[in-house]
Amino acid sequence: MRISYRHTLYASYIGYITQAIVNNLPPLLFISFIRDFSISVDHIGLLIAVNFCTQIAVDIFSARYADRIGYRKVIVFGHICSVLGLCCFAVLPFIMPPFIGLVIAIMLNAIGGGIIEVLISPIVEALPGDEKAAAMSLLHSFYCWGHVGVVLLSTLFFSIAGIASWRFLPLLWAVVPMLNSLLFAKVPLRTLSEQSGKNTDKTMFRSSAFWLLILLMICSAASEQSMSQWSSLFAETGLQVSKTLGDLFGPCLFAFLMGLSRLLYSRYTDKISIERALFASGILCILSYLLAVFAPHPLLSLCGCGLCGFSVGIMWPGTFSLGARIFPAGGTVMFALFAFAGDFGCGGGPAFVGWLSSLSGDGLSFGLLIASVFPFLLVAGVSALVWQRKQRMR
């Protein structure tokens, strides 16, 4: 079989499925960690913090060294780390102090997921062709399909094998990054530096447009994760619906509709400008947060949670594409810094919601209401970018 750039795109799709696996499988096992290893909820919080901090470190490392080392070596290494991390969940907690074993597994997962997050987007951006915004939106939709698949297939595994057999589940999921590492070892790769020539870091950092894009990345991630991380608990405690109904109409519906919006935008990207799409997404996101908080019926509130997934779908890939258009010579450094800003929003947004909710004593409703400030700031940032562009055209 002749391997072409089409296979590079397929490998990139599977790369984002791999990221969905390493990010969303461990939370499904948290209850097993607590039961089997007597780990406290506080220690589970530490695992989440370790994951976040490790990904931040990987973002910084990738920004400085990925171009020097080479895309192929780094992306294959990232997949291998994902394989090792998943396998370590099944082995290390049983042969050493459980919490230490889980920390090692989480760190390996975070290294793999962080590398994939930083490099897959510039790899796709560097591929031949003009429909980059469509390709980027379709690419990021595979993270959503991976998220949905992880939840549904893992639930199916638990129903067949039983929750006590959880340690075999990470081993099964590890097959995906293992096979994709072999694919990335063979497919043709181009780099953004090959296309753009000399990088323009200093010019980019001095531009107000770059910092507006960083704001958009933070707000995109915070808008997404503030609802995604808390929707299940919000449904169960705030809306008083069952755990199964809350999960299906909370995080699972959220991920499905987020993927659907990315898929739809990839089909119609030539008809809608990125700025208009981001502006409309921000407005819809504000409305969906308000619907989730103030709806008079739980079903309508759940619809607000799902609608939020649809609204945030193109925020992250849209900002990536907009940055690549405004700074075509930004290269890997720009994408790594965007990933850094996104990770900051992913961690900071849900933490902000949780802190405000605890402070108010009114459950999650108050925190989610205040979280609508994130899409509001995104709308403001997009408006400022459009205004700057019009000023330059005069």
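Placed above this text is the structure.
Only a predicted model underlies this, so the values are computations on that prediction, with no experimental measurement involved. (Residues numbered from 1 in each chain as written. Predicted model: local features only at pLDDT ≥ 70, side-chain atom pairs only at ≥ 80, totals over all residues. Heavy atoms only, no water.)

## Some points on the overall build of the protein chain
- Helix and strand counts for the protein chain stand at 18 helices and zero strands.
- Computed over the C-alpha atoms, the radius of gyration of the protein chain is 20 Å, within 12% of the 21 Å expected from 2.2 N^0.38 for a compact globule of 394 residues.
- In terms of overall dimensions, the protein chain has a C-alpha envelope of 60 × 50 × 35 Å along the principal axes.
- When the 394 residues of the protein chain are sorted by exposure, 55% land in the buried category. (Helix = DSSP H or I, 4+ residues; strand = E, 2+ residues; numbered from the N terminus. Rg over C-alpha atoms; globule rule 2.2 N^0.38 Å. Buried < 20%, exposed > 50% of the residue type's maximum accessible area, 1.4 Å probe, protein only.)

## Describing the side chain of Q388
- Within the element layout of this structure, Q388 appears in helix α18 (residues 373-393).
- In this structure, Q388 is in contact with S208, A209 and L212, ignoring residues within four places of it in sequence. (Contact = heavy atoms within 4.5 Å.)

## Here's the deal with unusual backbone geometry
- Non-glycine residue S38 carries a positive phi angle of around 55°.
- Examined against the element boundaries, S38 turns out to sit in the loop between α1 (5-37) and α2 (41-69).

## Some details on helix α17 (residues 364-371)
- Listed in full, the buried residues belonging to α17 are L364, G367, L368 and A371. Projected onto a plane normal to the axis of α17, the buried residues spread over an arc of 95° and lie on a single side. (Arc of directions from axis to C-beta.)

## Some thoughts on the environment of L369
- As for its placement among the helices and strands, L369 is situated in helix α17.
- Along the primary structure L369 and V293 are separated by 76 residues, whereas in three dimensions their C-alpha atoms are 6.5 Å apart.
- Those residues in contact with L369, other than ones at most four positions away along the chain, are L290, V293 and F294.

## Some thoughts on the nonpolar core
- Grouped together as the largest cluster of nonpolar side chains are 74 residues, with contacts concentrated most on I75, L119, I120, F184, L216, M334 and F338.
- Per-element tally for this core: the top contributor is helix α10 (residues 208-228), with 11 residues.
- L216 has contacts with L278, T319, L322, L378, G381, V382 and L385, leaving out every residue within four places of it along the chain.
- Ranked by size, the runner-up nonpolar core spans 27 residues in total, among them V22, V83, A105 and L108. (Core = buried A, V, L, I, M, F, W, Y, C linked by side-chain atoms within 4.5 Å.)

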